[in-house]
Amino acid sequence: MKIIDAFWEKRNLGVSCSEVEIENGDLVELVKKELSTIDTQYTVLKVPSGRTDIILEITRGGYFFIEASLHLIHKLGDCHLNGIQERLAQKVDYQLMNEADIRVLFSEIASGMFNTDRISLDPYFSSEQSAKRYIGWISDELDKGTSVFKLIYKNETVGFFTFKDIGEGVYYPFLAGIYSNYAKAGIGFTTIYKPIFEALKKKGKMISTYVSTNNLNAMRMHEAIGFFCDKINYVFIKHS
């Protein structure tokens, strides 16, 4: 069991936050005891699938289910693109973002680019807070050396993907999306495909990422391109 002081959420959301990760071997009584020590305003609790005993205990303690988080893996084998996708993918390029590109990205996020995450769907928070959280997250990762790429289609920037090296040939594109003006262009799959292409260029071994069950479209696109689910966590929240 891990209890993380998510101090960055004070800046992003304006509340103190703890993130708790339950492990399969954790006993219910230990979980109950440790949770009683948390006094932050917002708590995020991740429970492995199958731990119904813990789920029943935490719901009695005032935690509410918000999403299931699927850990997805791609072993960088064949990508299952259909003919149309193959042709579109060849027309979409990508480049590292410069400072001007980052400003455009943050403007897109601020305008409501994402609306299926647990912050956007939580009535305790606003869409503005959700956007601020994403901007803060990307800013922190840029400071750590994480790469952010822009997607280019017909000489226009149409979206982006992040690309974090987490070691041993594993890459984590923790956030990606298509800009609003191109949301219906049929190129959303490239936000998933191009990170695979970049990982192959870097002689990587695997892509590791997470998808929320609140985003059914993203789940389907990952599955179609060859990702498989390695682990499921149920995510619960509590406001104090």
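Residues numbered from 1 in each chain as written. Predicted model: local features only at pLDDT ≥ 70, side-chain atom pairs only at ≥ 80, totals over all residues. Heavy atoms only, no water.

(A) Main features of the environment of E128. Mapping E128 onto the fold places it in helix α6 (residues 127-143). It is 18 Å that separates the C-alpha atoms of E128 and D140, two residues lying 12 residues apart in sequence. At 3.4 Å, the side chain of E128 and the side chain of S127 are in polar contact. (Helix = DSSP H or I, 4+ residues; strand = E, 2+ residues; numbered from the N terminus. Polar contact = N/O pair within 3.5 Å; in protein donor to acceptor, adjacent residues only side chain to side chain.)

(B) Up close: the nonpolar core. Counting 29 residues, the largest nonpolar core has I207 and I225 as its most contacted members. Contributions of two or more residues to this core are made by β4 (64-74), α4 (83-91), β5 (92-96), β6 (147-153), β7 (156-167), α7 (190-201), β10 (206-212) and α8 (216-225). Tallying contributions element by element places α7 first for this core, with 4 residues. For I207, the contacting residues outside a window of four places in its chain are L72, I73, H74, L76, F163, Y171, P173, P195, I196, A199 and F227. One finds L105, V148, F160 and Y179 within the second-largest nonpolar core, a separate group that totals 16 residues. (Core = buried A, V, L, I, M, F, W, Y, C linked by side-chain atoms within 4.5 Å. Buried < 20%, exposed > 50% of the residue type's maximum accessible area, 1.4 Å probe, protein only. Contact = heavy atoms within 4.5 Å.)

(C) Molecular detail of the pattern of salt bridges. Summed over the entire model, instances satisfying the criterion amount to 10 salt bridges. Between R60 and E57 there is a salt bridge; the shortest N-O distance is 3.2 Å. Residue R60 and its partner E57 are located together in helix α3 (residues 52-60), separated by 3 residues, close to a single helical turn. Across the pair K164 and E141 runs a salt bridge, and its minimum N-O distance is 3.1 Å. Highlighted residues: K164 in strand β7 and E141 in helix α6, separated in sequence by 23 residues. Given a relative accessible area of 5%, E141 falls into the buried group. One network of salt bridges, in which partners are shared, links E141, K144 and K164. (Salt bridge = Lys/Arg side-chain N within 4 Å of Asp/Glu carboxyl O.)

(D) Broad picture of the domain arrangement of the chain. Here the chain is partitioned into domain 1 (2-69) and domain 2 (73-231). A separation of 27 Å is found between the C-alpha centroids of domain 1 and domain 2. Contacts between the two partners involve 13 residues from domain 1, matched on the other side by 16 residues from domain 2. Here domain 1 and domain 2 share 3 salt bridges between them. Here E9 and R133 are joined by a salt bridge, their closest N and O atoms 2.8 Å apart. For the pair domain 1 and domain 2, the number of links is 9 residue pairs in polar contact (both at pLDDT 80 or more). Within the side of domain 1 that touches domain 2, the residues separate by chemical class into 7 nonpolar, 2 polar and 4 charged. (Domains from an automatic or database assignment. Nonpolar A, V, L, I, M, F, W, Y, C, P; charged D, E, K, R; others polar.)

(E) A look at the environment of R118. Locating R118 in the fold gives a position in the loop between α5 (99-110) and α6. For R118 and N214, which are 96 residues apart along the polypeptide, the C-alpha to C-alpha distance reads 8.2 Å. In this structure, R118 is in contact with E19, Y42, V44, I66, E67, R133 and V235, ignoring residues within four places of it in sequence.

(F) Representation of α8 within the structure. Looking only at α8, the buried set comprises A218, H222 and I225. Taken end-on, α8 shows its buried residues confined to a sector of 70°, consistent with a single buried face. More than 90 degrees from the buried face of α8, the exposed residues found are R220 and E223. Backbone geometry just downstream of α8 places G226 in the positive-phi region, at approximately 115°. (Arc of directions from axis to C-beta.)

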